[in-house]
Amino acid sequence: MAEKQVFWTEKVADELIKQKRKEYVCEGMWTPSGYFHIGNARPEIFTPYSVYRVLVERGLKARQNLIIDDFDPIDNIPAGIPVKKEDEDKFIGVPCKFAVSPFEGYKSWADYFTSQITDVIDNFGLDLNIISSFDSYKGGKFNDLIIFSLEHAKDIVKVWNKISGADKPGDFLPVVVTCEECGKSLFSKAVSWDGKKVGYECKCGFKGMVSPLNGNVKLHWRVHWAASWIVNNVAFESAGKDHFSKGGSVDVGQALMQDVFKKPPPYQSPTEFVQLKGAKMSGSVGNLFGLKQWLQVASPELFRFLFFSYKPNTAINFSLSDNSFVLLNERFEWGERIYYSGEDVQNDRVKEKLRGAYALSIIGKVPKKQPLQVPYSFAVQLVQFFDPVEQFDKISEILKQTGHLKPVKISSAEKKQLLAQFERAKHWLENFAPPEFRLSFLEELGEKEAAAIDESAKKLLPLVAKKISSLDSAGDMQQAIFELAKASNVKPKHLFKAIYLVLTGKESGPKAGLLILAFGKERCLERFKEAAK
């Protein structure tokens with residue numbers, strides 16, 4: 001009997017429980033200066049969620065935070081944002097919370113980009129506590145830590161330099177001031193602290209003195225990160241693997257916690273990047289794919305499955321425009337069959353892993369009965385020929401013929417599930433699918449297609465036309481073609497290849513019976529007769 005697989009979160013939970021906390025806060029942090037993409041979702045939402053979920057299942061009090069670091073300034077204009085070159089100065093350097101939205105209907109720059117999370121996150125089954133960093137500063141939650149950091153600035157510089165190898169000057173003050181004149185924080189520098197006010201100078205030429213409390217300043221981001229752990233009592237946090245390099249922000253933050261703030265740092269776990277077509281996604285460059293876009297092509301359960309299938313330290317190379325997306329769907333479907341029927345898998349470790357990942361991917365309680373399962377690849381084939389809404393009954397009829405549906409009336413919930421799947425498959429097909437997934441009737445049979453047909457198979461095409469002329473079921477047509485090939489001592493694969501070539505110009509495709517039904521039987525029968533000549 002195979003050894004039971006221990007999911008990585010179980011090991012993390014074991015370590016966290018040793019801290020004996022009253023509440024276990026699992027946290028992520030993201031700056032809304034650009035687009036939020038699925039690469040951000042992995043370390044900032046789903047890795048913390050994985051740990052949070054295990055803690056809750058163990059009966060412990062836990063909470064999941066996502067800190068929106070909206071007090072950070074905009075440092076560049078993301079690709080695709082309608083801001084003219086001559087207007088960029090109105091945005092660069094302004095905290096995201098205060099910059100105007102690039103689109104109408106939103107309160108601020110931060111509000112627009114954060115909406116990419118808030119508008120859809122409930123669909124993914126998370127109880128996410130979303131916190132504005134600026135609101136925490138404005139509400140005074142950081143006040144004591146700001147004063148402490150200013151009073152211990154030399155200690156912070158000493159630790160920072162030692163851990164990172166930086167060369168911060170001894171008079172460095174770890175706060176960033178929002179200039180009272182230009183409203184920017186990217187270009188100001190704190191130059192003095194008299195115990196009550198911070199003196200600062202801005203690139204715009206303004207010099208001033210300001211109280212550091214209640215949102216007038218923000219701690220430098222490396223100090224801010226550590227301070228956030230204290231303010232929110234964080235037990236677990238993840239971040240992109242780049243933060244975990246030797247002497248990097250994680251090392252500095254943990255050292256500041258231990259040596260300056262005199263508090264234990266949270267348990268931290270690095271998370272690898274999600275690559276899009278082999279390249280790291282970037283909210284500023286524009287090569288990304290967001291949560292809203294995901295829901296247009298696939299279910300939220302598949303999104304969860306994508307992350308639960310891998311440990312956080314494993315890179316995910318993802319593409320919507322090649323076969324890998326269909327393969328991901330097939331892997332999810334395989335995991336579902338394993339979970340419910342114990343489908344035979346030679347590798348017990350793989351079986352246990354897929355079964356566990358599937359269970360974690362389900363939102364809410366896992367149903368006792370296996371849901372309807374229509375392979376995504378088959379849904380892609382169907383929506384090329386039939387409109388999911390207008391011709392749902394026709395699709396249902398075919399699904400019953402192919403055995404994907406039982407010959408009984410489906411429930412309204414099942415119809416809703418199938419409609420959602422077909423609409424997503426259609427969106428993927430129309431916007432992302434590679435050419436090999438797109439099928440259309442070959443309007444004119446050319447010499448190239450005719451030459452590629454096996455001669456013995458070509459001779460059978462008129463018999464195919466005769467054999468299926470009285471059949472109306474895709475399954476019956478498929479079986480009739482197969483039996484004809486066998487009876488004629490022709491390899492079935494050669495006959496099916498011939499059918500694909502004369503109908504689509506391609507050597508493979510969906511089941512021939514479905515293809516003939518979709519293209520129209522009479523048109524296909526005429527083509528078979530034409531090809532034989």
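Details of the structure are given in the entry above.
Residues numbered from 1 in each chain as written. Predicted model: local features only at pLDDT ≥ 70, side-chain atom pairs only at ≥ 80, totals over all residues. Heavy atoms only, no water.

### Digging into the environment of Lys189
On the secondary structure map, Lys189 appears in strand β5 (residues 188–193). Expressed as a C-alpha distance, the spacing of Lys189 and Thr178, which sit eleven residues apart in the sequence, is 9.5 Å. Sequence-distant contacts of Lys189, defined by excluding residues within four places in its chain, comprise Gly199, Tyr200 and Glu201. (Helix = DSSP H or I, 4+ residues; strand = E, 2+ residues; numbered from the N terminus. Contact = heavy atoms within 4.5 Å.)

### Notes on helix α3 (residues 109–118)
α3 sits mainly inside the fold: eight of its ten residues count as buried. Among all positions of α3, only Trp109, Ala110, Tyr112, Phe113, Thr114, Ser115, Gln116 and Ile117 are buried. If you follow the buried residues of α3, they end up packed against β1 (24–30), α2 (38–57), β2 (62–68), β3 (129–132) and α9 (291–297). Taking the backbone nitrogen of Ala110 as reference, a side-chain oxygen 3.4 Å away marks Ser108 as the first, capping residue of α3. (Buried < 20%, exposed > 50% of the residue type's maximum accessible area, 1.4 Å probe, protein only. Polar contact = N/O pair within 3.5 Å; in protein donor to acceptor, adjacent residues only side chain to side chain.)

### Quick notes on a positive patch on the surface
Where like charges cluster on the molecular surface, the positive patch consists of Lys11, Lys311, Arg349 and Lys353. Among the structural elements, Lys11 can be located in helix α1 (residues 8–17). (Patch = residues over 30% accessible without salt bridge, like charges linked within 9 Å, V, L, I, M, F, W, Y side chains within 5 Å. Areas by Shrake-Rupley, 256 points an atom, 1.4 Å probe, with all protein chains shown as cover. Salt bridge = Lys/Arg side-chain N within 4 Å of Asp/Glu carboxyl O. Lys, Arg positive; Asp, Glu negative; His and termini not counted. Charge placed at Lys NZ, Arg CZ, Asp CG, Glu CD.)

### Looking at the state of the cysteines
Using the criterion set out here, one finds zero disulfides in the structure. No disulfide involves Cys96; its sulfur sits 15 Å from that of Cys182, the nearest cysteine. Free cysteine: Cys202, not disulfide-bonded; nearest cysteine sulfur from Cys204 at 3.6 Å. What makes Cys202 buried here is its relative accessible area of 9%. (Disulfide = S-S within 2.5 Å.)

### A few points about the nonpolar core
Trp294, Phe318 and Phe528 are the most contacted members of the largest nonpolar core, which has 131 residues in total. It is α2 that contributes the most residues to this core, nine residues altogether. Excluding its chain neighbours within four sequence positions, the residues that come into contact with Phe318 are Ile38, Val274, Gln275, Leu276, Lys277, Trp294, Leu306, Phe325 and Leu328. (Core = buried A, V, L, I, M, F, W, Y, C linked by side-chain atoms within 4.5 Å.)

### Structural notes on the pairing of strand β9 (residues 234–240)
Most of β9 is tucked away, with seven of its seven residues classed as buried. In this structure, β1 lies alongside β9, joined through three bridges in parallel fashion. Of the residues in β9, the one forming a bridge with Glu27 is Glu237. The pairing of β9 with strand β10 (residues 267–271) spans five bridges and is classified as parallel. Residue pairing across strands places Gly240 opposite Thr271, the latter belonging to β10. The handedness of the β9 to β10 crossover, carried by helix α8 (residues 249–259), is right-handed. (Pairing = 2+ DSSP bridges. Right-handed = clockwise from strand over helix to strand, strands pointing away.)

### Re the sheet that holds β9
Pairing between sheet strands relies on hydrogen bonds along the backbone, with the strands arranged either parallel or antiparallel. Spatially, five strands are ordered β3-β2-β1-β9-β10 in an open sheet, and the strand pairing comes out parallel. With partners counted over all chains shown, the strands left at the sheet margins are β3 and β10, one partner each. Across the sheet, the mean angle from the axis of one strand to that of its neighbour is 25°, orientation sign disregarded. (Axes fitted to C-alpha atoms, helices over the stretch in contact; angles between N-to-C directions.)

### Brief notes about the pattern of salt bridges
On inspection of all chains with the given rule, the structure shows 20 salt bridges. Of the charged contacts, one joins Asp69 and Lys218 as a salt bridge, the two residues approaching to 2.9 Å between their closest N and O atoms. Taken together, the positions of Asp69 in the loop between β2 and α3 and Lys218 in strand β8 (residues 217–219) put the pair 149 residues apart, joining distant regions of the chain. Each member of the pair, Asp69 together with Lys218, is buried. One salt bridge in this structure joins Lys218 and Asp72, with 2.4 Å as the shortest N-O distance. With Lys218 in strand β8 and Asp72 in the loop between β2 and α3, this residue pair connects regions lying 146 residues apart in the sequence. Note on accessibility: Lys218 and Asp72 belong to one class, buried. Among the charged side chains, a network of salt bridges with common partners joins Glu10, Asp14 and Arg58.

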